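Fold and geometry: a report
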Protein chains: 2
Amino acid sequence: MGGRDATKPVTARAAKPTIVQVAAAAGVSPTTVSHALNGKGRVDEGTRAHVERVAASLGYSANRYARGLRSGRFAAHALLLPVALGRGGSGALTLDYYMRLASGVAAELFAHRQLLVLVPPVPDAGAVASIPVDGAIVVEPTEGDEQLAALREAGLPTVTTDRDPDHPDDPWCVTSDLGRGTTALLDHLAGEGATRVALVLPDARREWPRAVESAYDEWCDRRGSAPVVERVALAARAHAVHAATCALVDAKPAVHAILVGAERFVPAVMDALADRGVRVPHDLLVAACVDGNHARGAAPPLTAFDLRPELQARAAVELLLARVSGAAPTGPTVVRGALHVRASTTRSHARVRSSRAASAERGTRQSH
Amino acid sequence: MGGRDATKPVTARAAKPTIVQVAAAAGVSPTTVSHALNGKGRVDEGTRAHVERVAASLGYSANRYARGLRSGRFAAHALLLPVALGRGGSGALTLDYYMRLASGVAAELFAHRQLLVLVPPVPDAGAVASIPVDGAIVVEPTEGDEQLAALREAGLPTVTTDRDPDHPDDPWCVTSDLGRGTTALLDHLAGEGATRVALVLPDARREWPRAVESAYDEWCDRRGSAPVVERVALAARAHAVHAATCALVDAKPAVHAILVGAERFVPAVMDALADRGVRVPHDLLVAACVDGNHARGAAPPLTAFDLRPELQARAAVELLLARVSGAAPTGPTVVRGALHVRASTTRSHARVRSSRAASAERGTRQSH
DNA sequence: CTGAAAGCGCTTACAG
DNA sequence: CTGAAAGCGCTTACAG
C-alpha cells in the first residue's frame, strides 16, 4: 500500500492530506474516495461511511484548485460593487448598504460551500473576466457598464442586483420594489399633512433613481400637484446637496416635506435644514428613499424605505447558482422592502416619545 | 504543430486559449511561453516580446487554478471580518469602517494580481483553514479567537489588524495609534473648556477598547481628575447605550464632555442627549474615538479620530505578502490616524459657520 | 536561450 | 460496487 509514501520527507508545514493518502488509509482507491465524498457514482454505503470517517479523522478536504482545474468549476463567485462615487474613499462604499449586501452574499455562498471573491471597483474591465470564478453578481450596473459588458462577452454567468439599464428585460436580476416604496413614503407624508413634497433626486445612470423618479411623477400626477425636483449627481459633494436643499427651503409655494432620493445625501440635507433654522418634523417633514446608517442616525431619525440587502443577497445567490447550473430563467426576483416610520415624519411629539419608550422596554425585556 | 487540435470539437462558450495554443501560435514551446510571461528563466528579449504580443492578441490569461495547483500558490487571500455584533444584521458590519477596509484590501491585493476572498463571520472555524488561499487577514481578533487559532494551527500565514490580545507581541500585525488619538481628543476637549470628560467604553475582548481605556485612565491620572466611565457591551442594543448616556448626564459633579468609545454607539448617545434636552456643543461636548458615517452624519457632526482604514488595508496587504513570501518580521505597522475637529466640540458658533462656509467655497471652487 | 517531460491533486469517462 | 488511467492547464527542475 504505497510504500513509497513512507520515505517521503515530511513537509515543514502542517501537511494537508491528499486524496491518495486518504485512499491508502481507507484501503480503497482514490476514485472511490472521490465518489464517496462527492456522492457521485455507486459506492457501497458501508464503504462510503468508512471513507468519510477516515477523511474526517485525517482532516482531509479536497484541494479546491485541483478540483476546479479538473471539473471546470471553481466553486467561487465574484461580487462587483459599484464604482466608487466621488473621491478619496468617501464615496458610495462608505454606505453600510453595500456592506450588508456583501456580507449577505458571502454568508449565503459559504452556506453552499462556495467562495466570494470581492472585486474592487474599476480594475481593468478585461481583467475582470479572467478571474477564476463560476459566476458574478454585479451590483447596480450603470448604463453602458463596461465591467458587466466584459463579463457578458466572456460568457460568464452573471446576475445583477437592480436592473441593467441596457437590458431592462434581462430575467437574471434581483430588484427591489423601490417604486412602491416611494409611493408608500409619499402617501405616508400626505397622511401626515404634507401635500407638497419635494424630491432630491440623484442623477445617476442607474435603474433605481429612475424608479424613484417615475413613482414620484406618477404620484404628483395623480394628486394634481406640481413636481418639485432638485437633481444632484450621486457623487456630488456635500455643498451641492446643501445648496439643493436650500433651494427647496426657499421654494415658492413652500414645500411641506422633502424626500431624499439617496441615503448619502442625508447628512448634507439635515445640515442645510439646521443651518436655515428649519426644524424637523415641526416645520418640515423629511424621509429617505433608502434606509441606512445615515437615516437611522440622523437627528431626528428619518423615516425611510429599507431595501433589505440581506434578502437581496440571498435572492442573488440563488439566482446565480441556478444560472450557473444551466437552469432556465424564471424572471427577475423582486425583494419587497419595508417602510420604517420614524420621528422625522411624526408630528405628534407624544407619539414619538411613546414609541421610543416602548421599544426601549421591549429591548429590556428581551435582554433578560 | 499539434494536428490533433484541429479535430477538437469547438466548445460552446467563448473558448479561453490555453498556454498550448499560445505556444503554437507563437511557434515556441509552452515552457517558453510560461517563462516569457512570468519573467522566469532566460528568454531572448525578442522572443519574449513576440510571445507577449501573441498572448495579448489571443486574449490569453493563465488559468489561475492550474497555476495554483502546480505552484502551490493560490494568488488569493482571505479576509475575516469580526463576528457580527448583535443580531439581525445591525451589528458591526453595518459600519462603513469595515467596508472601507475590505474595499481597500481588495484593491491593494488586486494591484498585486491577487484575489480577495471575503469570509463571512462565524462559519465553521475548522472550515476556514481549508479555504484555498495563501494567507489571511484577521480583523480585530478577540481574546481566544477561534478562527484565528484555527488558521494558526493550520499553518496559514496570517496578519491581524489590531493586535491579537492572545499574542500582543506578534510582529505580524497592523495597529493604529488610537491611544494617542484618544489623548489628543481629550486634550482637544480640555482646550475647549471641558475638564471633566466621561467615557462610554465598549466592553469587548479586543485590543482597541483597551487602548482607549488606558489612554483615558492615564490622562485622568495626569490631570488629577476622577475617571467617569460607563461600560456598555459592544453589541449592546440602543437602549443600553441610551441608559448609559442618561447616567452620565445625571452624574454629580456634572461632566463637561462625553467621549464615545465605539462609533456604533453614536446615534443612541445623541438620541439620549436630545431626549434629555442637552444641547451639543452648547451644554455638553461630544466626541467619538472612531470616525465614520455615524460621527460625520450626526447633528451636529462629531469630532472624531479617523483610523484611516485605507492605509491600514494597504499596510496589512504589504505585511501579508511579505509573510507569505517568507520574509522576516519587521515588527507591527502602526498606521497614524487623523483627528477631525467638527461642530460637536466647537463652542464658538461663528467658527463653525465660517468653517462650513469656507469648505463650501472650497468645494465650489474645486468643482469648476 | 529553448524545450521535452514530469507532476501538482483532483474528477471523469471507461472497464471490469 | 470498485479501480486503473487519462488529463484538466500550468510551472518547474532538468537537459541540451
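Residues numbered from 1 in each chain as written. Chains lettered and ligands numbered in written order. Predicted model: local features only at pLDDT ≥ 70, side-chain atom pairs only at ≥ 80, totals over all residues. Heavy atoms only, no water.

**Concerning the overall build of chain A**
What chain A contains, in helices and strands, is 15 helices and 12 strands. In chain A, which comprises 368 residues, the share counted as buried stands at 51%. Long-range contacts, defined here as pairs at least 24 residues apart, represent 71% of the contacts in chain A between residues at least 6 apart. Surface accessibility of chain A: about 16600 Å² in total, with carbon and sulfur atoms responsible for 52%. (Helix = DSSP H or I, 4+ residues; strand = E, 2+ residues; numbered from the N terminus. Buried < 20%, exposed > 50% of the residue type's maximum accessible area, 1.4 Å probe, protein only. Contact = heavy atoms within 4.5 Å. Areas by Shrake-Rupley, 256 points an atom, 1.4 Å probe, with all protein chains shown as cover.)

**Quick notes on helix 9 (residues 178-191) of chain A**
All names here are of chain A. Along its 14 residues, helix 9 runs 19 Å from first to last C-alpha, staying within 8% of the 20 Å computed at 1.5 Å per residue. For helix 9, the full list of buried residues reads L178, G181, T182, L185, L186, H188, L189 and A190. Looking one or two residues past helix 9, G193 carries a phi angle of roughly 100 degrees, positive in sign. (Expected span 1.5 Å × (residues − 1).)

**A closer look at the sheet that holds strand 10 (residues 303-306) of chain B**
Residues and elements named next belong to chain B. Taken together, the six strands give an open sheet; going across it, the order is 7-6-8-9-10-12, and neighbouring strands pair in mixed fashion. The open sheet terminates on both sides in strands that have one partner only, identified here as strand 7 (228-232) and strand 12 (338-340). Along the sheet, successive strands turn relative to each other by an average axial angle of 15 degrees, direction set aside. By the bridge criterion, four bridges tie strand 8 (residues 257-260) to strand 9 (residues 285-288) in an arrangement that is parallel. Pairing of L259 across the sheet is with A287, part of strand 9. Of the strands in this sheet, strand 6 (197-202) and strand 7 touch helix 10 (residues 207-223), which is tilted by about 160 degrees from strand 6. (Pairing = 2+ DSSP bridges. Axes fitted to C-alpha atoms, helices over the stretch in contact; angles between N-to-C directions.)

**As for the side chain of D164 of chain B**
All names here are of chain B. Along the polypeptide, D164 turns up in the loop between strand 4 (158-161) and strand 5 (173-176). Under the relative-accessibility criterion, D164 is labelled buried at 2%. Side-chain polar atoms of D164 contact the side chain of R152, separated by 2.7 Å. In this structure the side chain of D164 is engaged in a polar contact, spanning 2.9 Å, whose partner is the backbone nitrogen of D166. Filtering out sequence-adjacent residues up to four positions away, D164 remains in contact with P141, T142, L148 and R152. (Polar contact = N/O pair within 3.5 Å; in protein donor to acceptor, adjacent residues only side chain to side chain.)

**With respect to the protein's contact with DNA strand C**
Taken together, 24 residues form the shell around DNA strand C, and within it I19 and S34 of chain A together with T31, R42 and R70 of chain B come nearest. For DNA strand C, the backbone portion of the atoms within 4 Å of the protein, that is sugar and phosphate, comes to 62%. Between DNA strand C and S34 of chain A there is a distance of 2.8 Å, counted from a phosphate oxygen to a side-chain nitrogen or oxygen. A distance of 3.3 Å separates a phosphate oxygen of DNA strand C from a polar atom in the side chain of K40 of chain A. Those elements that provide at least two residues to the surface near DNA strand C are helix 3 (30-38) and helix 5 (64-71) of chain A together with helix 3 (30-38) and helix 5 (64-71) of chain B. With four residues, helix 3 of chain A is the single largest residue contributor to the surface near DNA strand C. Taken together, the residues that form the surface near DNA strand C break down as seven nonpolar, 11 polar and six charged. (Near = heavy atom within 4 Å. Nonpolar A, V, L, I, M, F, W, Y, C, P; charged D, E, K, R; others polar.)

**Some remarks on the confidence of the model for chain A**
Segments scoring low in pLDDT should not have their predicted coordinates read at a detailed level. Residue and element names in this part refer to chain A. Averaged over all residues, the pLDDT of chain A is 84; the fraction at 70 or higher stands at 87%. For residues 1-13, every residue scores under 50 in pLDDT, and the model assigns this stretch three contacts once sequence neighbours within four places are set aside. In the model, residues 86-90 has pLDDT below 50 throughout and makes six contacts with residues more than four positions away in sequence or in other chains. (pLDDT = per-residue confidence, 0-100.)

**Focus: the pattern of salt bridges**
Per the stated rule, a full pass over the model turns up 30 salt bridges over all chains. With a shortest N-O distance of 3.6 Å, R314 of chain B and E108 of chain B are connected by a salt bridge. A residue pair is termed long-range when its members are at least 10 positions apart, and R314 of chain B in helix 14 (residues 309-324) and E108 of chain B in helix 6 (residues 96-111) qualify at 206 residues. One connected set of salt bridges, linked through shared partners, spans E143, R205, E207 and R210 of chain A. (Salt bridge = Lys/Arg side-chain N within 4 Å of Asp/Glu carboxyl O.)

**So, the packing of helix 6 (residues 96-111) of chain A against helix 14 (residues 309-324) of chain A**
Residue and element names in this part refer to chain A. At a closest axis distance of 8 Å, the pairing of helix 6 and helix 14 adopts a crossing angle of 45 degrees. On the basis of their axis angle, the class for helix 6 and helix 14 is oblique. Like other packed secondary-structure pairs, helix 6 and helix 14 cross with a definite hand, here right-handed. Contacts from Y97, R100, L101, G104, V105, E108 and L109 of helix 6 reach helix 14 at P309, E310, Q312, A313, R314, V317 and L321. Partitioning the contact of helix 6 with helix 14 into residue classes produces eight nonpolar, two polar and four charged. (Parallel < 35°, antiparallel > 145°, perpendicular 65-115°, else oblique. Left-handed = near helix turned anticlockwise from the far one by under 90°.)

**Observations concerning the side chain of R342 of chain B**
Residues and elements named next belong to chain B. Counting through the fold element by element, R342 comes out in the loop between strand 12 and helix 15 (349-366). Here R342 falls in the buried class, since its relative accessible area comes to 17%. At 2.7 Å, the side chain of R342 and the backbone oxygen of L302 are in polar contact. With residues near it in sequence (within four places) discarded, R342 still touches D291, A295, R296, P301, L302, T303 and A304.

**Quick look at the protein's contact with DNA strand D**
Near DNA strand D lie 24 residues; those nearest to it are T31 and R42 of chain A together with I19, S34 and Y60 of chain B. Note that a base oxygen of DNA strand D is positioned 3.3 Å from one of the side-chain N or O atoms of T31 of chain B. Secondary structure elements with two or more residues in the surface near DNA strand D: helix 3 and helix 5 of chain A together with helix 3 and helix 5 of chain B. With four residues, helix 3 of chain B is the single largest residue contributor to the surface near DNA strand D.

**A few points about the nonpolar core**
L79 and L273 of chain A together with L79 and L273 of chain B are the most contacted members of the largest nonpolar core, which has 156 residues in total. Of all hydrophobic cores here, the second largest spans 34 residues; its members include Y65 and I131 of chain A together with V128 and A136 of chain B. (Core = buried A, V, L, I, M, F, W, Y, C linked by side-chain atoms within 4.5 Å.)

**A short note on unusual backbone geometry**
Generally, phi is negative for residues other than glycine and the peptide bonds are trans, each holding for most cases. P300 of chain A follows A299 of chain A through a cis peptide bond whose omega is -5 degrees. Of note, the bond from V280 of chain B into P281 of chain B is cis; its omega dihedral lies within 30 degrees of zero at 5 degrees. Mapped onto the secondary structure, P281 of chain B falls in the loop between helix 12 (266-275) and strand 9. A positive phi angle is found at R113 of chain B, which is not glycine, with a value near 60 degrees. The topology assignment puts R113 of chain B in the loop between helix 6 and strand 2 (115-119). What makes R113 of chain B exposed here is its relative accessible area of 69%. A positive phi angle, close to 55 degrees, is found at R308 of chain B, a residue other than glycine.

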